[in-house]
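Okay, here's what each chain looks like letter by letter:
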Amino acid sequence: MTIKVAVAGATGKMGQLAIRLIEAADDLELHAALDSRSSLDEMLGADVAFDVTHPAASSSVVEFAVDAGIPIVVGTSGWSSDRIAEVSRSVRARDDAGAVLFVPNFSIGSVLATAFAALAAPYFDSIEIIEAHHAGKVDSPSGTAVRTAELIGEGRGAAGPVAAPHADQRARGQLVSGVPVHSLRMSGVLAEQRVIMGGDGETLSFTHSTLSPSSYEAGILLALRRAPEASGVTVGLDALLELGLPGSIR
């Protein structure tokens, strides 16, 4: 069966990448390509929607899809755990709501690096994140960094909060689930994240570097193909990879 996809944010880099992938795939069909002037009604009739818009516009796109019963893959950054919880409550409140899959990062390597960091988190009390993106990225911290910090916080469990001295100083970064996150926005960078863990006489680092947008292709295709059969709210590509990380199903 061919899956009809409506792409919101079609003129952006991720939207254009998704359209190329859809048009090249035998089992996917482009139903609609929406830009900032398009009516959301153009999504009606799609089997799945793909949202890579702007943080300020994403909420409206997701709300429309949920109300219309259209499963939606959300690749737009800026979705906090509190906002995702609101969407989850809305989806649970009705039987005909469209499923929502929030994907902070479509790179398989990035998802695995985050999983490794969550696994190691209980064994190191000092943990910080440095993430770097191109100068045009409007949100910080990145959705990937937020997801990583949240999983680190959840993964520590009985180990308690991360040690983050002098967190009141602005140069110490923004605390996300108690983990200091430092964001770089600069020319010459596409995307990179480094999680640094410090222990007694040692450090452990997990670094993932995105060298080309092609690294997102496998994750985008996986999400689009799985979304029509999804239910409720799912957070992270790790749930589709069955990595067993906490907090994936809401």
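Structure: above.
Residues numbered from 1 in each chain as written. Predicted model: local features only at pLDDT ≥ 70, side-chain atom pairs only at ≥ 80, totals over all residues. Heavy atoms only, no water.

S.K.: Explain the nonpolar core residue by residue, including any values.
M.R.: Taken as a class, soluble globular proteins show a tendency for nonpolar side chains to be buried jointly. Ranked by internal contacts, the top residues of the largest apolar core, which has 28 residues, are Val5, Leu28, Phe50, Val73, Phe106, Ile220 and Leu224. At the level of elements, strand S1 (3–8), helix H1 (13–24), strand S3 (48–51) and helix H6 (217–226) are the ones that each hand at least two residues to this core. With five residues, the top contributor of residues to this core is H1. The residues contacting Ile220, other than those within four sequence positions of it, are Met14, Leu17, Leu21, Phe50 and Phe106. Core analysis: the next-biggest nonpolar cluster, separate from the first, contains 23 residues, Ala32, Ala97, Val100 and Phe102 among them. (Core = buried A, V, L, I, M, F, W, Y, C linked by side-chain atoms within 4.5 Å. Buried < 20%, exposed > 50% of the residue type's maximum accessible area, 1.4 Å probe, protein only. Helix = DSSP H or I, 4+ residues; strand = E, 2+ residues; numbered from the N terminus. Contact = heavy atoms within 4.5 Å.)

S.K.: Requested: an account of the sheet that holds strand S6 (residues 126–133), with residues and values cited.
M.R.: Pairing between the strands of a sheet is mediated by backbone hydrogen bonds and can be parallel or antiparallel. With mixed pairing, five strands are arranged side by side in an open sheet as S7-S8-S6-S9-S10. The outermost strands of the open sheet, each flanked by one partner alone, are strand S7 (174–176) and strand S10 (202–210). Averaged over all neighbouring strand pairs, the angle between strand axes comes to 25°, with direction disregarded. Bridge analysis of S7 against strand S8 (residues 179–185) gives three bridges, and the strand direction is antiparallel. Note that in S8 the partner of Leu175 across the bridge is Pro180. Seen against the sheet, helix H5 (residues 143–156) touches S6, S7, S8 and strand S9 (191–199) and runs at an angle of roughly 165° to S6. (Pairing = 2+ DSSP bridges. Axes fitted to C-alpha atoms, helices over the stretch in contact; angles between N-to-C directions.)

S.K.: Would you mind going over the pairing of S8 in detail, with residue names and values included?
M.R.: Pairing of S6 with S8, which is carried by five bridges, proceeds in the parallel orientation. Note on S8: the bridge partner recorded for Ile130 is His182. The antiparallel pairing of S7 with S8 creates a hairpin that spans two residues between the two strands, and Ser177 there sits at a positive phi of about 55°.

S.K.: Explain the sheet that holds strand S2 (residues 28–34) residue by residue, including any values.
M.R.: Pairing in this open sheet of six strands is parallel, and the strands run S2-S1-S3-S4-S5-S11 from one edge to the other. Edge positions in the open sheet fall to S2 and strand S11 (233–235), since each of these has one partner strand only. Strand-to-strand, the axes of this sheet are offset by a mean angle of 20°, without reference to chain direction. Across three bridges, the pairing between strand S4 (residues 72–74) and strand S5 (residues 100–102) is parallel. Within S5, the position partnered with Ile72 by the bridge is Val100. The sheet strands contacting helix H3 (residues 81–92) are S5 and S11, and the helix crosses S11 at an angle near 155°.

S.K.: Please provide a residue-by-residue account of the packing of H1 against H6, values included.
M.R.: Relative placement of two packed helices is described by the angle separating their axes and the distance separating the axes. It is at 10 Å that the axes of H1 and H6 come closest, and there the two elements cross at 70°. When the axes of H1 and H6 are compared, the pair comes out roughly perpendicular. Here the hand of the crossing between H1 and H6 comes out right-handed. Seen from H1, the contacting residues are Met14, Leu17, Leu21 and Ile22; seen from H6, they are Glu217, Ile220, Leu221 and Leu224. (Parallel < 35°, antiparallel > 145°, perpendicular 65-115°, else oblique. Left-handed = near helix turned anticlockwise from the far one by under 90°.)

S.K.: I'd love a proper account of a nonpolar patch on the surface, names of residues and values included.
M.R.: On the surface, Ile130, Leu184 and Met186 cluster together into a nonpolar patch covering about 230 Å² of accessible area. Within the secondary structure, Leu184 is located in strand S8. (Patch = residues over 30% accessible without salt bridge, like charges linked within 9 Å, V, L, I, M, F, W, Y side chains within 5 Å. Areas by Shrake-Rupley, 256 points an atom, 1.4 Å probe, with all protein chains shown as cover. Salt bridge = Lys/Arg side-chain N within 4 Å of Asp/Glu carboxyl O.)

S.K.: So, the pattern of salt bridges: which residues are in play, and what are the values?
M.R.: Evaluated as defined, the whole model comprises nine salt bridges. Here Arg37 ties to Asp35 by a salt bridge, and the two come within 3.6 Å at their closest N and O atoms. Classification of Asp35 by relative accessible area gives partly exposed; the value is 26%. A single network of salt bridges, built from pairs that share partners, joins Asp67, Arg94 and Asp96.

S.K.: Account for helix H2 (residues 55–68), with residues named and values stated.
M.R.: Across its 14 residues, H2 extends 21 Å between first and last C-alpha, which sits within 8% of the 20 Å expected from 1.5 Å per residue. All of the buried residues along H2 are Ser58, Val61, Val62, Ala65 and Val66. Looking straight down H2, one finds its buried side chains confined to an arc of 130°; they lie on one side. Facing away from the buried side of H2 by more than 90 degrees, the exposed set consists of Ala56 and Glu63. Structurally, H2 contributes buried residues whose contacts are with S1, S3, S4, H3 and S5. Downstream of H2 by a residue or two, Gly69 has a phi angle that is positive, lying close to 75°. (Expected span 1.5 Å × (residues − 1). Arc of directions from axis to C-beta.)

S.K.: Describe the environment of Ala8, and please don't skip the residues or the numbers.
M.R.: Mapped onto the elements, Ala8 comes out in strand S1. Remark: the alpha-carbon pair of Ala8 and Glu42, spanning 34 residues in sequence, is separated by 9.7 Å. If near-sequence neighbours (up to four positions away) are discounted, Ala8 is found in contact with Leu34, Phe50, Asp51, Val52, Thr53 and Val61.

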